[in-house]
Amino acid sequence: MGQLHPPRATRAILDKLDAQHPGADTELHYTTAFELLVATILSAQSTDQRVNLVTPALFAKYPDAQALAAAPPSDVERLIVQTGFFRQKTKAIIGMSRALLDQHGGDVPANMDALVQLPGVGRKTANVVLGHALGVPGLPVDRHVLRVSNRIGIAEGDDPEAVETRLCGALPPERWTRASDVLILHGRRICRPRPLCDQCAVTAECVYFRTVIAPEAARALNAPLKRARAAKKAAASAPTTKPPPARSRQR
């Protein structure tokens, strides 16, 4: 990719994206840290919207770790089937609930090391819960954060922890969670796999726009002119043929 934007430029870029996406926040619905933890586990290989469809009934029946730890797996599977991979997710959220009871008295720990020891909880999920529900700075890195940060040039690589470290190093802790929310929304709304660059607030700073999108647009713009020039050149170099002389009619 080349040289990355320095921390000061990274902060300025995120300021622009923050203004483009005011009120950016997780789109998962929750009222407690436990609910957010469960919802985030369910969101793997699914969408927040689909998770939000199933969690009201799930949480009405199993509102806390004690209730979910004792839930029949078949009933949980029935409630979360729409999120996909429902058998694995059922095993994860029941196992996570039992671990919370055994190790933390049913409470969600406000600690990264403790969270990632729970079944079904990785670093991204832990950061979501820490930053949004427990008031502990965390910067979740998902596929949107990876794509957007690499394209703009504020981070590099496909290792989520390395990208997290790079972004956290450029920002004060109080901005970590908000930065992730902004990058996620930008990836969902604007910087999609096929990006909507004409709607982006940071095209001037974006490495991907400068090195990929702009040159492609220039080539597409010049293509008709090049074809016209080639056709004109071909016509000019083509050999000319004289028409045969007209025959006079014999009487």
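Which parts of the structure should I look at to understand the nonpolar core?
Soluble, globular proteins show a tendency: their nonpolar side chains are buried together. Counting 35 residues, the largest nonpolar core has Leu37, Val38, Leu58, Val76 and Met96 as its most contacted members. Those elements that provide at least two residues to this core are helix H2 (33–42), helix H3 (48–61), helix H4 (65–69), helix H5 (73–80), helix H6 (86–104), helix H7 (112–115) and helix H8 (123–133). Element by element, the count of residues in this core is highest for H2, at eight residues. Discounting chain neighbours no more than four positions away, the residues touching Met96 are Phe34, Leu37, Val38, Ile41, Leu118, Pro119 and Val121.

I tried to follow empty space enclosed by the protein on my own but got confused; where do I start?
Over the atoms rolls a probe the size of a water molecule, and its path tells where empty space is left. Tallied over the entire structure, the rule returns one cavity of 30 Å³ or more. Estimated volume of the largest cavity: approximately 90 Å³. Surrounding the largest cavity, 13 residues form its lining, His186, Cys191, Cys197, Cys200 and Cys206 being those nearest its centre. Broken down by secondary-structure element, the contributors of at least two residues to the lining of the largest cavity are helix H9 (143–152) and helix H12 (207–237). Among the residues forming the lining of the largest cavity, the class breakdown is ten nonpolar, two polar and one charged.

Looking at this structure, how should I read H3?
Every α-helix carries 3.6 residues per turn, so stepping three or four residues along brings you back to the same face. For H3, built from 14 residues, the straight-helix expectation of 20 Å at 1.5 Å per residue is met to within 8% by its first-to-last C-alpha distance of 20 Å. Largest kink in H3: about 35°, centred on Thr55, with the proline Pro56 one to four residues after it. Every buried residue of H3 is accounted for by Asp48, Val51, Asn52, Val54, Thr55, Leu58 and Phe59. For H3, the elements touching its buried residues are H2, H5, H6 and helix H11 (176–189).

Cut-offs and rules
Throughout, a residue's number is its position along its own chain's written sequence, starting from 1. pLDDT decides what is reported in this predicted model: residues at 70 or higher carry local features, side-chain atom pairs at 80 or more are listed and counted, and totals for whole chains, interfaces and linings draw on all residues regardless. No hydrogens and no water enter the side-chain calculation; it runs on all heavy atoms of the structure. Among the buried residues, those of types Ala, Val, Leu, Ile, Met, Phe, Trp, Tyr and Cys that are joined through side-chain atoms within 4.5 Å form a nonpolar core. A simple rule labels every residue: compare its accessible area, found with a 1.4 Å probe on the protein chains alone, to the largest value its type can have, and call it buried under 20%, exposed over 50%, or partly exposed in between. Numbered from the N terminus, helices here are DSSP runs of H or I no shorter than four residues, and strands are runs of E no shorter than two. Throughout, a residue-residue contact means that at least one pair of heavy atoms, one from each residue, lies within 4.5 Å. Here a cavity means grid points, on a 1 Å grid over the protein atoms only, where a 1.4 Å probe fits yet cannot get out; a pocket means an open set of points with protein on both sides within 12 Å along at least five of seven lines; lining residues are those with an atom within 4 Å of a point. Grid points are joined across faces, edges and corners, and a volume is the space filled by probe spheres set on the points. Each residue gets one label: Ala, Val, Leu, Ile, Met, Phe, Trp, Tyr, Cys and Pro are nonpolar, Asp, Glu, Lys and Arg are charged, and the others, such as Gly, are polar. Each helix should span, by expectation, one fewer than its residue count multiplied by 1.5 Å. Here the bend at a residue means the angle between the axes of two seven-residue stretches, the one that ends at it and the one that starts at it.

These figures come from the coordinates and say nothing about function on their own.
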